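Architecture at a glance
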Amino acid sequence: MGGRESKPISLSYEEAVKRVSDSELSRLKDAYKRTATLNGAITKQAFIREVLGEGVPLQLAELIFLACGGTVKGITFKDLLCSLVLLTRGNREEKVKFIFGVYANEAGTHVVKSDMLRQLQQTEGGYTPEILHKCFGPNERATYEEFKDWLITYPDATTVTRWLLAEPCHASLCNDLETPTFYQTLAGVTHLEEKDILELEKRYWNLKGSSPTGKLDPETLVPLISPPLPPMLAKGVFNAFDENRDNHIDFKEMACGISAACRGPLTERQKFCFKIFDRDRDGKLSKEELTAMIQALLLLHYEEQEHTDDVCVGVSSDDVEKLVGEFLENHDPHKSGFVTQEEYLMWTLHNPLSSTLLEIIFQVCHIVLGLKPSSRNEEKEIVLGWLRRAESKSLTIGQFWYIINEQWWNLWFEYVSHQASGVENSTISPSSHSSSPASSQYGSLKRTKLQKKSANSEGTVASDGNSSSSTSSPSHSPRLTRRAATSPGPLIMPSRPPAIDNSPLVEPNANKVTLLTGEGGRLKRNIPLVQGRDFVLVPDSLWKALQQWYGGAPALPRQVIHGRSSGEVELELYPLTLRLFRHVQQQTRTPNNSWVGVVGGYGAAALNSAPYYVTSLPNSSTSSPKRYLAYLAAFSRLATLRQVYEYLAAKLRLRIEDMRLWCVRDEPAGMILLEEEDTTLEDACVADMAQILIEVRNKDLTWPEEMSQIASTRMMRIQSRQGCSEKGVTGLSNLGNTCFLNAALQCCSNTHPLTTYFMKNMHLFELNPNNPCGMKGHMARQYGCLMHEIWGGGAKTVAPLKLRWTIGKYSGNFTGFQQHDSQELLAFLLDGLHEDLNRVHNKPYIELKDSEGRPDTLVAQEAWENHILRNKSIIVDLFHGQLKSKVTCKVCANESVRFDPFTYLTLQLPMESFVYLEVIVIKLDGSVPVKYGLRLNSEGRYLDVKQQLFVLTGIPPHQIMLSELSNAQIKCIHMDEGRVRSVSGTVLFGYELPSPSSSHTSEVRAASRSARDRHVFTHIQRSTHHSSPCLTEGISSPTKSTGTNESHISGPGFGVFSSKSSLVSSQIQSQQESSVSIPIQWKDSSSSISSNTSGPASSTSSSIQHDNDLLNTQKGFIIAFHRKMMRQEVYFLSSQKTRPSLFGLPLVVPCHASTTRQDLYQGVWLQVSRLVSPLPPSEAAGPNHAHDCDDSLGYEFPFVLRVVEREGLLCAWCPWYRFCRGCQLPCDDDVFSMNAAFLAIDWDPTALHLRYQSALERVFLDHTSVDEMRRKHVEPIALSDCLEAFCSEETLEYSCDRCKKLQQAAKKLQIWRLPPILIVHLKRFQFVGNKWVKSQKIVDFPLRDFDPTEYLASVPRQTILLHKAELEGVDPAAYFASLQDRDNIFLEMVPENKIIEQIKGKEEEQSIKNGRPSMNGSINGSICHSTSPCPATSHEGSIKGGECGNRKRRIRNGSVLYGDTLQDFHQHRLEEGYDPLDLKYSLYAIACHTGIMEGGHYVCYAKNPQGKWICFNDSSCKEVSESQIDLNSAYMLFYQREGISVDKYLPNVDGKVPYPSELDEESEAEYKKQCVIM
């Protein structure tokens, strides 16, 4: 016995077999097979877990494993059987030998004292028996005989000896204690068999799995049963099942309801019908309910006649009123206007009107809910009756019908039609169908008679094998004919049909590829299939029932569509089967030189218009990526491409934006991109067995097909010219994480003044190749070429290869395959274009001057003139503005003002500085837990959480225990000083703890006894808890929640606070007098339980400071776990026959020195009674579905309490060798001993199965703070707020010229001059904590009429406000007085003549120096001169000449603020009729960023000249509505001044010649030399 490393066992295998029964041996073998590995042995870990159990100390369990014959490979069945028999049924001599083997050496000859001492210290918790020296004496070794004599004398020496030598043994091979299973319990209280319940459970989980909410709610059940039930009765049927009225049916309710509706006596079935009609569930039918009942029953009755007689009879209101009157007259003896259940039952005895409803409900329970028929004849009536009703209804678009092989159908019909008596009473045949083949153009079966046309829209386009139809409307299925038995003599009993086999109807899958859709396969087409000869059609619900009863495959669902050729509703037998191809994964190649990183190693393809074509190039040196047939999928020919995309993306777990579909065709068509989402497959000319390529983006965001065509760009460009796309709507190929480049280029491309400049080739006249700060003109030339490609209208997609290479050549920051910042690229691009197009060829040296107290107007003009002396280009004209920067020393008040140019405004977004938490508070009073929403500072502590909860709940912080739960246990406790961290997927629970000052006074004890008397026996079982979810609509404020309810006990700590907390409570009460109750919303935690909670913690102030404090028995409370015992079908030892399983939420139960054991029971019951459905009141007339259920809780409490250790699995008092799951606490008045910290609530199996409502475990009330804090946490900020922050004052270190040292200074930025094109950069990426962090904050910004006047510096802002005052005819002083004072809105009063002299002197001096006229005389951008007529002042209207003449001031560029003119500081070149001092900007482009910084994606939304918004997503270009723009992820905003005159910004090139093309040739040669095609 045993291996080389194991120890010998004293019992042989043959002897062990003799000591066990056959059933025990069989059970042990089954348990061994379940536990053993593939090599046929049980590992040491499995032996310890499955055989010995959790309680045996690990070191001792390892010794026992070796003593039982275990080796490193495991333990065999023979060794295991011998060991188990020896341990449980061995005699004393055999057990002593086994114990000797546990401590003996490997040879098993003797025990070494040092080894045994070491083993005992490990296994006995460090304890060494004092009597051990008597075993060895002066020797170091002990033989077996010496060990045996010592052990017989001292049988209690060790835990192993106390276990094995005890009489009787605490562990045995078998356990006769039978714990009823859930199925046995249900079978015992219903009319169902255990096998029926097992089948029902399978269907129940299928129904729940098909529900969007994961529940069997009305939205899931009603469509399945209506039809055949009319809609007016469908909700009533649901209510009849939903006994506890929680708006969803659990499995217990479904089983009991089916029992009452199908298997019970007729009276019980009629009672079930009564519940259907009793809408308000008051146990009686009102006149309105009677009217609805009679109307529904008449409707069913007339429909039944219509099915048989083909005569349509309507429901007459007179008939309904007459029958209702007769009903009340005969069955309402007291003339109360109501009918009781007894009177209803009396009515059904004499009126058969409800028989049709009983029949339909009977069929629904079998077909829809999965009850298996009890006999053949019953099955026949159910199936054919359901089929007959389904055929009588009209087809519904989107509905599915299933095809069944005719051969199997005939076998089934013969089986269910046979009767043992042999009487020929089955004359109905399943084959009565039309013999005409299904030969419509698309292979669809049309209805020969449609009673009504469906008004529903098209539904599912591809049936998934796991999906269920959303409707139960019927389709054309076989008409049944009659036939007689043809063979005389005794009838032979037909055998049960095998599983349904539909394989003869479908073509074999020769390619052995995966079917993505659930159509089951392609129907054969070589021989037309005929309905009635080859197949029958059944509705989806009937197919699911037959498949559950018999099994079978493949399922062949077919969809109802609207036939375009016939104009009628038809069943599509032959949907389009598509062959779906995928690319073979290519191995990544390493670039062979550094220049590959510049262009990404890729080429690009220019593609045609939609649908555009790509010509395959078999002779090309660069072949296309290899493809393989991956899947087959069937779709309706009327399926739209959007539906196909969505289905494939969900099935293949891809994002739609990362997937493209190509229809692969033969030459010359090549491949067609399927991108028109609203086009159907039929309209897109997709034929059956078409080849569809599923192209998936590479990880670097490139498209494989585009990249493979780099060598054939020229040929593809020629092919693309055959079509014509809308100008400007051209995508840019991703060259390897170049979406940052594409988004910026598309924004610039849709800047129409700049694009017009390049499209008219103005850049060729203004190139500055000798500019040392430029790029030799290469940037401008390549950008111009790209604009011609984009706006030429000849290509759908182009590749910005040369521009990408040029950028990488002059800036190494944008090379490689990494993602880059699009704003940084844009800044580099605009700067490069400016330097290449700079009209200043020789930049003069300019010495910067400080403001020195001069007026801002003068200093700003001087700075701007200095700027344009060195920088003058189309980029400066369009994109450059001017900022005012003022720094004020906080010590000496010295001011330094500078004016600097800017190209874009970078607005800092606030980083999220708050943490959002959702805390579920569980109170001691047993009320429904309430979820609170909290918003704390990111540096907040858990003490802050408690303090906020105190304000919301009135529970003092020291009486709140914040913890996280896992596996129905308290995972960790957060300490007060621990920092709050938001971790997704965890839930924070706040337990109310008893008050430390509470004690059991005599009054409290008396009140507790009084309350206890009201909670005993049947009163406990028949009372409804005060906080039942069906009754609770709100929760009282903290000041109202401290009182106890009459039905509650006044246990320790219930509503009792310390003096300090009471004082705070009174303060809160004074603040919340106006709101006595706070509205609460119901929320099921299955959809909203995931809250953001935190990680580690540390504290010193809370009453519960650490997890180990839970072990403190003097803490004032005890933790209780819900526990149920799970019976194991196979097991090794008796201790493992039932295993405990924890569930639900742990409880905190008050426990003090004077707490009795009955107090513990009462405290637990107070908190769990809301989870137990009450028994019907004793005086109620209507019992539950299952009568015997009433006795399931016929005792005081439906559970017992046991003392357990922290894990909740083993007893806290008994040693491990007793294998005790917890000692039971009697429910008596003895004081609890306080020597246990945890309790197990062991539920009675019957009560747990029938009364415990597990759905209520995770149902919480949502406090109003949840929605409020969620809204605050995600609410967006306005662009105006960002601009306010940009213009706000900040403090920094500043080297003061006056103080001559570093000082604290205030710096303020303001906008002085706005550019015609305003770029706003929302800075989402910030370097925080040594890492880059992205702000996900949503910014609200205007799309039109954006007026940035409020963010200008005081001088230009006051100019515009004065202008507005004049336009409104208001005195300027009064106008300014009506405005909110903002940043010194009135200018410093500088004498006007002094300003004029300073400006004029500066202008004249500068004009003489530069040989150019003064800006005062320039007409560039001027709109009104003192001697010229007054033009229109706005785009919509104009000021008449008379009005202009009466104005006090006129507007002229280049002038001053005061006097006869108002200065236009922006000098934009506008169209005639636009007011230069009316600043209005419109958004025309957005660059959006989604994802993280390193792996995100950029997309551009831009408005084209036609006013259409286009989404540019690399090579994809789609028109979108304004509402479809992703405004939440905006990164850069592009605004254009309204009224900009594009022509006025174009330079005058008369007399100029363009620069020669040698520059292009030089660049092209270098490009070809460096670029490497991979």
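Conventions used here
Residues numbered from 1 in each chain as written. Predicted model: local features only at pLDDT ≥ 70, side-chain atom pairs only at ≥ 80, totals over all residues. Heavy atoms only, no water. Helix = DSSP H or I, 4+ residues; strand = E, 2+ residues; numbered from the N terminus. Buried < 20%, exposed > 50% of the residue type's maximum accessible area, 1.4 Å probe, protein only. Pairing = 2+ DSSP bridges. Axes fitted to C-alpha atoms, helices over the stretch in contact; angles between N-to-C directions. Contact = heavy atoms within 4.5 Å. Core = buried A, V, L, I, M, F, W, Y, C linked by side-chain atoms within 4.5 Å. Parallel < 35°, antiparallel > 145°, perpendicular 65-115°, else oblique. Left-handed = near helix turned anticlockwise from the far one by under 90°. Nonpolar A, V, L, I, M, F, W, Y, C, P; charged D, E, K, R; others polar. Phe/Tyr/Trp six-rings, centres within 6.5 Å; stacked < 30°, edge-to-face > 60°. Lys NZ or Arg CZ within 6 Å of the ring centre and 35° of its normal. Expected span 1.5 Å × (residues − 1). Arc of directions from axis to C-beta. pLDDT = per-residue confidence, 0-100. Salt bridge = Lys/Arg side-chain N within 4 Å of Asp/Glu carboxyl O.

**Examining the environment of Lys 1308**
- Mapped onto the fold, Lys 1308 is located in strand β43 (residues 1301-1313).
- Take Lys 1308: its relative accessible area is 19%, and that puts it in the buried class.

**Thoughts on the sheet that holds strand β39 (residues 1238-1243)**
- Reading across from one edge, β36-β35-β39-β37-β38 is the order of the five strands in this open sheet, with mixed pairing throughout. Each having just a single partner strand, β36 (1138-1150) and β38 (1223-1225) make up the two edges of the open sheet. The mean inter-strand angle of the sheet, taken between neighbouring strand axes irrespective of direction, is 35 degrees.
- One ladder, built from 10 bridges, connects strand β35 (residues 1117-1127) with β36; its direction is antiparallel. Note on β36: the bridge partner recorded for Met 1125 is Pro 1140.
- With respect to the sheet, helix α40 (residues 1157-1168) is in contact with β35, β36, β37 (1199-1204), β38 and β39, its orientation differing from that of β36 by roughly 95 degrees.

**Quick look at the nonpolar core**
- In this structure, Phe 277, Met 293, Tyr 344, Trp 409, Trp 412 and Leu 546 are the most contacted members of the largest nonpolar core, which totals 86 residues.
- Contacts of Met 293, omitting those with residues within four sequence positions, involve Phe 277, Leu 285, Phe 327, Tyr 344 and Trp 347.
- With 64 residues, the next largest nonpolar core counts Val 96, Val 111, Met 116 and Phe 136 among its residues.

**Here's the deal with the packing of helix α15 (residues 251-263) against helix α20 (residues 355-367)**
- Relative orientation of the contacting elements α15 and α20 amounts to 135 degrees, with a least axis distance of 9 Å. As judged from the angle between their axes, α15 and α20 are oblique. Note on packing geometry: the crossing formed by α15 with α20 is left-handed. Contact with α15, carried on its side by Ile 258, Ala 261, Cys 262 and Arg 263, involves Ile 361, Phe 362, Cys 365 and His 366 of α20 and no other residues of that element.
- Classifying every residue of the contact of α15 with α20 by side-chain character gives six nonpolar, one polar and one charged.

**Quick look at the sheet that holds β43**
- Across the sheet, which stays open at both edges, the four strands sit in the order β24-β23-β43-β42 with antiparallel pairing between neighbours. Where the open sheet ends on each side, the last strands, each with one partner, are β24 (895-902) and β42 (1289-1296). Direction aside, the axes of adjacent strands within the sheet are offset by 35 degrees on average.
- Sheet topology note: the β42/β43 ladder contains eight bridges and is antiparallel. Looking across to β43, one finds that Cys 1296 is bridged to Lys 1301.
- Each of β23 (881-889), β24 and β43 touches helix α33 (residues 856-870); the most contacted strand, β24, lies at about 40 degrees to it.

**With respect to the packing of aromatic side chains**
- On inspection of all chains with the given rule, the structure shows 39 aromatic pairs.
- When the ring of Tyr 757 is compared with that of Phe 758, the centres are 5.3 Å apart and the planes differ by 85 degrees; the resulting orientation is edge-to-face. Residues Tyr 757 and Phe 758 agree in their burial class; the two are buried.
- Ring centres 5.9 Å apart and planes at 85 degrees place the aromatic pair Trp 1216 and Tyr 1217 in the edge-to-face group.
- Judged by its relative accessible area of 10%, Tyr 1217 falls in the buried class.
- One aromatic cluster is present, built from ring pairs that chain together Phe 1143, Tyr 1161, Trp 1165, Phe 1197, Phe 1199, Trp 1243 and Tyr 1252.
- In this arrangement the basic side chain of Lys 78 is found over the ring face of Tyr 13, its NZ or CZ atom lying 5.4 Å from the centre.
- Its guanidinium or amino end placed over the ring of Phe 1143, Lys 1124 lies 5.3 Å from that ring's centre, counting from NZ or CZ.

**Examining helix α18 (residues 317-331)**
- Across its 15 residues, α18 extends 21 Å between first and last C-alpha, which sits within 8% of the 21 Å expected from 1.5 Å per residue.
- Burial in α18 covers these residues: Val 320, Val 324, Phe 327, Leu 328 and His 331. In an axial view of α18, the angular spread of the buried residues amounts to 95 degrees, which keeps them on one side of the axis. Seen from the buried face of α18, the exposed residues on the opposite side, beyond 90 degrees, are Asp 318, Glu 321, Lys 322, Glu 329 and Asn 330.

**Focus on the confidence of the model for the protein**
- In this model, the protein carries a mean pLDDT of 74, and residues with pLDDT of at least 70 account for 73%.
- Contacts of residues 421-489 to residues separated by more than four positions or lying in other chains number 182 contacts, the stretch itself having pLDDT below 50.
- In this model, residues 1381-1459 is a region of pLDDT below 50 whose contacts with residues beyond four sequence positions or in other chains number 130 contacts.

**Brief notes about the pattern of salt bridges**
- Under the defined criterion, the tally for this structure stands at 45 salt bridges.
- Close ionic contact of Arg 19 with Glu 94 constitutes a salt bridge, the shortest N to O distance being 2.9 Å. Here the residue Arg 19 occupies a position in the loop between α1 (13-18) and α2 (22-35), and Glu 94 occupies one in helix α6 (residues 92-103), the gap between them amounting to 75 residues.
- Here Asp 1242 makes a salt bridge to Arg 1202, at a shortest N to O gap of 2.9 Å. With a gap of 40 residues between them, Asp 1242 in strand β39 and Arg 1202 in strand β37 connect regions that are remote in the sequence.

**What about the environment of Gly 736?**
- By the secondary structure assignment, Gly 736 is in the loop between β21 (731-732) and α28 (739-749).
- Relative accessible area serves as the criterion here: at 1%, Gly 736 is assigned to the buried category.
- C-alpha of Gly 736 to C-alpha of Trp 703: the two residues are 33 residues apart in sequence and 9.1 Å apart in space.

**Comments concerning the pairing of strand β50 (residues 1481-1490)**
- Counting buried positions along β50 yields eight of 10 residues, so the element is predominantly enclosed.
- For β50 and strand β54 (residues 1530-1537), the ladder comprises seven bridges, and the chain directions are antiparallel. Looking at the pairing, Cys 1488 lines up with Ala 1530 of β54.
- Two strands pair when backbone bridges link them, and β50 and strand β51 (residues 1497-1503) are joined in this way by six bridges, in the antiparallel orientation. Note that in β51 the partner of Ile 1486 across the bridge is Tyr 1501.

**Structural notes on helix α43 (residues 1279-1287)**
- Residues Leu 1279, Cys 1282, Leu 1283, Phe 1286 and Cys 1287 constitute the buried set of α43. In a view along the axis of α43, the buried residues occupy a sector of 130 degrees, so they form one face of it.

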